[in-house]
Structure formats: structure tokens, C-alpha cells
Amino acid sequence: MQNYRLKFLDPRNTAVMARDFQGSDDLAALAAAEHACLTHDVEVWQGARRVARVKKGNAPLNEADHESL
């Protein structure tokens, strides 16, 4: 199992909450983020490495989201 952190972001992309997660791989961590994104955008981190970003409600990412990363 690998350690990940899910960071819940407010509309200004500031982390307002975090939850540690153990998963078998990046896809398992991404699935956890997709389930957790009902009220906030969620970033998946493994240490200093950003693995993914999931928008609130699992909405599609767009060009503006790319610029905020």
C-alpha cells in the first residue's frame, strides 16, 4: 500500500481540509478522490508529487484549471 493525501480545495484553490489515504496505486487514489469530490475540488498528493486533480462533482477539467495547477 502507498500513502496519499486528498486535499479539499475552496473556490480560490486553497486547501481547507486534508485526508490521508492508503491505496494500491495512483488509480486507487484517483478513485478515492472521485468519490470525495461532492462538495469541493480535490487534489491527490503522494508526498511532494501531485498525482491528480478532480473537480467538484467530477466535472471535466478545462484550460483555466490547467493554469491553476
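Just above sits the structure.
Below: a short report on this structure. For clarity, every value in this text was computed on a predicted model and none was experimentally measured.

What counts and what doesn't
Residues numbered from 1 in each chain as written. Predicted model: local features only at pLDDT ≥ 70, side-chain atom pairs only at ≥ 80, totals over all residues. Heavy atoms only, no water. Salt bridge = Lys/Arg side-chain N within 4 Å of Asp/Glu carboxyl O. Helix = DSSP H or I, 4+ residues; strand = E, 2+ residues; numbered from the N terminus. Buried < 20%, exposed > 50% of the residue type's maximum accessible area, 1.4 Å probe, protein only. Contact = heavy atoms within 4.5 Å. Pairing = 2+ DSSP bridges.

**Some details on the pattern of salt bridges**
Then comes step 1: If you walk through the whole model with that rule in mind, you get 6 salt bridges.
Then comes step 2: One salt bridge in this structure joins Asp 41 and Arg 53, with 3.0 Å as the shortest N-O distance. Here Arg 53 lies in strand 4 (residues 49-54) and Asp 41 lies in strand 3 (residues 41-46), a separation of 12 residues in the sequence.
Then comes step 3: The exposure class assigned to Asp 41 is buried, which follows from its relative accessible area of 15%.
Then comes step 4: When salt bridges with common partners are traced through the structure, they connect Asp 41, Glu 43, Arg 50 and Arg 53 into a single cluster.

**Description of unusual backbone geometry**
Then comes step 1: Positioned with a positive phi, Asn 13 is a non-glycine residue whose angle comes to about 65°.
Then comes step 2: Tracing the sequence through the fold places Asn 13 in the loop between strand 1 (2-9) and strand 2 (15-23).

**Let's talk about the environment of Phe 8**
Then comes step 1: Along the chain, Phe 8 falls in strand 1.
Then comes step 2: Sequence separation of Phe 8 and Gln 22 is 14 residues, and the distance between their C-alpha atoms is 17 Å.
Then comes step 3: Filtering out sequence-adjacent residues up to four positions away, Phe 8 remains in contact with Thr 14, Ala 15, Val 16, Met 17, Ala 18, Arg 19, Ala 36, His 40, Asp 41 and Val 42.

**Quick word on the pairing of strand 4**
Then comes step 1: Here strand 3 pairs with strand 4 via 5 bridges, running antiparallel. Bridge pairing links Val 42 to Val 54 in strand 4.
Then comes step 2: Linking two consecutive strands that pair antiparallel, namely strand 3 and strand 4, is a turn of 2 residues; a positive phi of about 65° is found at Gly 47 within it.

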